[in-house]
Amino acid sequence: MRIAVCPGSFDPVTMGHLDIINRASRLFDKVIVLVSFNPGKSSARFSLEERMDMIKTVTKHLDNVEVDCNDGLLADYLKKTGADAIVKGLRAVSDFEYEFQMALANKKLYADAETVFLTTNSENMYLSSSVVKEIASLGGEIKGFVPDEILETIKNRLYLAK
């Protein structure tokens, strides 16, 4: 069984994230969407549980997708779960530089792990959780940036932060 891990903060999950998860689910037998968190940081706008619940909501149609969380090294999580690959979405060349460094570090920490880069669809190239948070905090419309199933949840949190 080929298992892939799609790691990220997903604060909140966007249409770009969902696109990568959907595509990974067609390439692998099992995909674990891994919400990474650092207990020493409190910069997330959504709690760990809220982020996991939003991802479960928008991936419920994908039978081979699971959601989990991790506060340690990604390489250790891969070893623990028997995952073969890390799936990362790339929007621009600037993403590649950072992600390539992380891929090399993960390979050094766990030689059996491969990193698979999926390029984002052109309509999502500008999209990130940070962009969604900034637009929403300034009262802008985020419909089409995040999945419809969680739009109101995100609006209720981010628009109140204004």
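As a reminder, the structure under discussion sits directly above these lines.
To keep things clear, this report deals only with the structure shown in the data block.

Rules behind the numbers
- Residues numbered from 1 in each chain as written.
- Predicted model: local features only at pLDDT ≥ 70, side-chain atom pairs only at ≥ 80, totals over all residues.
- Heavy atoms only, no water.
- Buried < 20%, exposed > 50% of the residue type's maximum accessible area, 1.4 Å probe, protein only.
- Helix = DSSP H or I, 4+ residues; strand = E, 2+ residues; numbered from the N terminus.
- Arc of directions from axis to C-beta.
- Contact = heavy atoms within 4.5 Å.
- Right-handed = clockwise from strand over helix to strand, strands pointing away.
- Pairing = 2+ DSSP bridges.

This part covers helix α6 (residues 151-158). Of all the residues in α6, the buried ones are Leu151, Ile154, Lys155 and Leu158. All buried residues of α6 project into a common sector of 100° when viewed along the axis, lining one side. Contacts from the buried residues of α6 go to α2 (48-58) and α5 (129-137).

Here we take up unusual backbone geometry. For the peptide bond that leads from aspartate 11 to proline 12, omega is 5°, which places it in the cis range. One non-glycine residue, phenylalanine 10, adopts positive backbone phi at about 50°. Tracing the sequence through the fold places phenylalanine 10 in the loop between β1 (3-8) and α1 (15-27).

What follows is about the pairing of strand β2 (residues 30-36). Most of β2 is tucked away, with 5 of its 7 residues classed as buried. Taking the sense of rotation as the criterion, the β-α-β connection linking β1, α1 and β2 turns out right-handed. Here β2 runs beside strand β3 (residues 65-70); their pairing, made up of 6 bridges, is parallel. Note that in β3 the partner of valine 31 across the bridge is valine 65.

By themselves, these observations are geometric and do not establish any function.
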